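Chains, contacts and geometry: an overview
So the chains spell out like this:
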Amino acid sequence: MAGEIVGQAAAASHGVDLVPIVALLGAAVIAVPLFKRLGLGSVLGYLAAGLLLGPSGIALIHDPESVLTIAELGVVMFLFIIGLEMEPSRLWALRKQIFGLGVIQVLICGVLLTLVGILLGFSPIVAFVFGLGFVLTSTAIVMQVLGERGELSTPSGQKMVSILLLEDLAIVPLLAIVAILAPSGEETDLVHRLISIGAALGAVALLIFVGRRIMNPVFALLASTKLREVMSEAALLVILGAALLFQASGLSMAMGAFLAGVLLSTSTFKHQLEADVEPFRGILLGLFFLAVGMSLDLEIVAENWSIIALSVVGFMLVKAIAIYLIARLLKSSHGEALERAILMGQGGEFAFVLYTTAASAGLIDAPSNAIFTATVIVSMVLTPFFLIAMPFFMPKFQQSLDGVDEPADLRAKVLIIGFGRFGQIVSQPLLAMRHSVSIIDNDTSMIRAAAQIGFKVYYGDGTRLDILHAAGAASAEVIVISTNNKEQTSRIAELVRGEFPLAKVMARAFDRAHAIELVRAGVEYQARETFESALVFGGAVIKVLGANEQEIEEVLEGVRDRDRQRFELQLAGQDWMLGSRLLLSNAQDQARESGVTVSSDAVEEAVSKSIGPGEPGGR
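Below is a short write-up of the structure.

Rules used throughout
Residues numbered from 1 in each chain as written. Predicted model: local features only at pLDDT ≥ 70, side-chain atom pairs only at ≥ 80, totals over all residues. Heavy atoms only, no water. Helix = DSSP H or I, 4+ residues; strand = E, 2+ residues; numbered from the N terminus. Buried < 20%, exposed > 50% of the residue type's maximum accessible area, 1.4 Å probe, protein only. Contact = heavy atoms within 4.5 Å. 1 Å grid on protein atoms, 1.4 Å probe; cavity = no way out; pocket = protein on both sides within 12 Å on 5 of 7 lines; lining within 4 Å. Points joined across faces, edges and corners; volume = space filled by probe spheres on them. Nonpolar A, V, L, I, M, F, W, Y, C, P; charged D, E, K, R; others polar. Pairing = 2+ DSSP bridges. Patch = residues over 30% accessible without salt bridge, like charges linked within 9 Å, V, L, I, M, F, W, Y side chains within 5 Å. Areas by Shrake-Rupley, 256 points an atom, 1.4 Å probe, with all protein chains shown as cover. Salt bridge = Lys/Arg side-chain N within 4 Å of Asp/Glu carboxyl O. Expected span 1.5 Å × (residues − 1). Arc of directions from axis to C-beta. Core = buried A, V, L, I, M, F, W, Y, C linked by side-chain atoms within 4.5 Å. Axes fitted to C-alpha atoms, helices over the stretch in contact; angles between N-to-C directions. Parallel < 35°, antiparallel > 145°, perpendicular 65-115°, else oblique. Left-handed = near helix turned anticlockwise from the far one by under 90°.

**Points about the overall build of the protein chain**
Helices and strands together make up the secondary structure of the protein chain, namely 28 helices and six strands. Here the protein chain, with 619 residues, has 45% of them falling under the buried criterion. Of all intrachain contacts in the protein chain linking residues separated by at least 6 positions in sequence, the fraction that spans at least 24 positions is 73%.

**Description of empty space enclosed by the protein**
Following the criterion strictly, the structure yields three cavities of 30 Å³ or more and no others. In this structure, the largest cavity spans a volume of roughly 50 Å³. Taken together, Thr 483, Asn 484, Asn 485, Lys 486, Thr 489, Arg 508, Ala 509, Phe 510, His 514 and Glu 529 make up the full set of residues lining the largest cavity. Elements with a minimum of two residues in the lining of the largest cavity: helix H23 (486-499) and strand E5 (504-509). For the lining of the largest cavity, a count of residues per class yields two nonpolar, five polar and three charged.

**Points about the sheet that holds E5**
An order of E3-E2-E1-E4-E5-E6 is seen for the six strands of this open sheet, with the pairing classed as parallel. Among the strands making up the open sheet, the edge pair consists of strand E3 (458-459) and strand E6 (525-528). In the sheet, strand E1 (residues 414-417) pairs with strand E4 (residues 478-481) via four bridges, with the strands oriented parallel. Residue pairing across strands places Ile 416 opposite Val 480, the latter belonging to E4.

**Some thoughts on a nonpolar patch on the surface**
A cluster of nonpolar side chains, namely Ile 104, Ile 108, Val 111, Leu 112, Leu 115, Ile 118, Leu 329 and Leu 330, defines an oily patch on the protein surface of about 680 Å² accessible area. Looking at the nonpolar patch element by element, the count peaks at six residues for helix H6 (residues 95-119). Of note, Leu 115 is situated in helix H6. Judged by its relative accessible area of 45%, Leu 115 is partly exposed.

**Describing helix H20 (residues 421-432)**
Every α-helix carries 3.6 residues per turn, so stepping three or four residues along brings you back to the same face. Over its 12 residues, H20 runs 18 Å from end to end, which matches the ideal 16 Å to within 8%, given 1.5 Å per residue. Of all the positions in H20, only Gly 423, Ser 427 and Leu 430 are classed as buried. Looking down the long axis of H20, one finds its buried residues gathered within 60° of arc, a one-sided arrangement. Among the exposed residues of H20, those oriented more than 90 degrees off its buried face are Arg 421, Ile 425 and Ala 432. In the core, the buried residues of H20 are packed alongside E1 and strand E2 (437-441).

**Some remarks on the nonpolar core**
By size, the foremost hydrophobic cluster in this structure holds 124 residues, and its most contacted members are Leu 79, Phe 80, Phe 219, Phe 352 and Tyr 355. Ranked by the residues each element gives to this core, the list is headed by helix H9 (residues 155-181), at 14 residues. Apart from the residues within four sequence positions on either side, Tyr 355 is in contact with Val 129, Phe 130, Gly 133, Phe 134, Ile 364, Asn 369, Phe 372, Thr 373 and Val 376. Counting residues in each nonpolar core, the second largest holds 25 residues, with Val 496, Ala 503, Ala 507 and Leu 518 among its members.

**Focus on the packing of helix H18 (residues 349-360) against helix H19 (residues 366-389)**
The geometry of H18 relative to H19 is characterised by a closest axis approach of 10 Å and an angle of 180° between their N-to-C directions. The orientation of H18 relative to H19 falls into the category roughly antiparallel. Contacts from Glu 349, Ala 351, Phe 352, Tyr 355, Thr 356 and Ala 359 in H18 reach Asn 369, Phe 372, Thr 373, Val 376, Ile 377 and Met 380 in H19. Classifying every residue of the contact of H18 with H19 by side-chain character gives eight nonpolar, three polar and one charged.

**Here we look at the packing of helix H3 (residues 42-53) against helix H14 (residues 270-295)**
Two elements in contact, H3 and H14, have axes whose closest approach is 6 Å; the angle formed by their N-to-C orientations is 50°. On the basis of their axis angle, the class for H3 and H14 is oblique. The interaxial crossing formed by H3 with H14 has right-handed handedness. Between H3 and H14, the residues in contact are Val 43, Tyr 46, Leu 47, Ala 49, Gly 50 and Leu 51 and Gly 286, Phe 289, Leu 290, Val 292, Gly 293 and Met 294, respectively. The residue makeup of the contact of H3 with H14, split by class, is nine nonpolar, three polar and no charged.

**A closer look at unusual backbone geometry**
Backbone geometry at Lys 331 places phi at a positive 75°, although glycine is not the residue there. Within the secondary structure, Lys 331 is located in the loop between helix H16 (305-329) and helix H17 (334-343). The phi torsion at Arg 434 lies on the positive side, around 60°, for a residue other than glycine. Relative to the helices and strands, Arg 434 is located in the loop between H20 and E2.

Right, here's the structure in full:
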């Protein structure tokens, strides 16, 4: 029925058949956000949408291969952008993790998964393609999870990013290997083989020469025209030209685009090129995954469900065990190794690229391609569920106390609880005035780092009364709470105020609401962590704009005064809108200082629109 509708729409039109285009865009717009909302990732959304529209679904699109041919340009552009990120300095900084850990994991997992493929009954070459494709982890899934957890810059996160980087690089030689292994269809003599090799080497040399000597001057000339569309056209010309050059010489289009990206990675136009290419890359790569989903033959999957199930279990289990053992042999902790194994145990997007290329080259047949693609898709679907279960298997985090002392009978005039970036600055004027200071913190890595620059920090949890007694809270004149967690700060403030009534308590506040909470808990002084620094910054801005020192001081003091009045109103429990007279007065004062006359009615209307009843205000 859907196919008949498409045919009627196409027959009725006198131009471009928009039905498939609208269907593809609509399916992507609906499926991708939905799948991301469910925690399954955008790639699976594209695949599901493609499956729905393709021959195995409602058959709205009968020829997925025609879509796939155009969509492969998305992969080409993706590799160009990866090449742009491959600056020599970055590669050198991560060389041990990329070319050490990354290479070890890819090679060992590749060998083991190839053996699994052979045990499953595939020929060695087909098993090699199957296994090496599954080695390539889903960059989309891993980067999304690491980003959501804020672990991209952690040591364990950096190791996974390095491995992903190597796997992204590995797709280029893998595609070349597939091209070499592909049956040529006819016998070729040594001369023809040497000519083919020479043509490939010549293409590489030509692209390197053009990239190093010609591209930058040309881009500089085009930039001088100040026409954005010309730069976009030039970027596409570089990518497609490099891809065409390599394709004509018998190499991979993706390899040509990648090398072009590397050659431009240090160019002054790098970010402009990336911004110009990114929209095309995103659309075409999404179209590629849609085409992969459309190409999945559910009839073949149903006929081979047992081999697919065995492949998913065997490949994911062997890959996860290999990753875990490699991590442990390279001195990673049990928790870090387990997390890496679960997070990187699935196949990824580049497997589709490899399998599709292998199928196009005649290295694997359509049923095998369907089985391999289904195996990767199922592994990607299962990964979010494994991540949900992962915390139950992770060991409880225990900090090493090697080289760290716990407080015992400390005596000082000031006790600082929390020695992060805020507490470190607080301590400097105290030490400059030679006041005695005791410091506790519950982050052992920070304590060791502080010791290297001459600070003695003791390990202790400020929410525990016994720790506070050992740290000398009972004899301290001032207790400074500078922890970076507002709930923890509030608990400590309540505990200290109740147990040590003679000490003056001063606390770091997260925002206005937290400051009110601390004052009500009984602290003598609180400071919002961003308020004064933001004021100083604002003062620097108006100084650049021409204000003199007296004007700056008057303006900043006016802001402080108005903030104090707002704070006192809220502290007294008055509703925000009950302080509207103060707001009107402040707004009129600010307008008058700017030389603008504003009526009370106009200001009141603006305030009522911008501030809802009971809104607590800013930081």
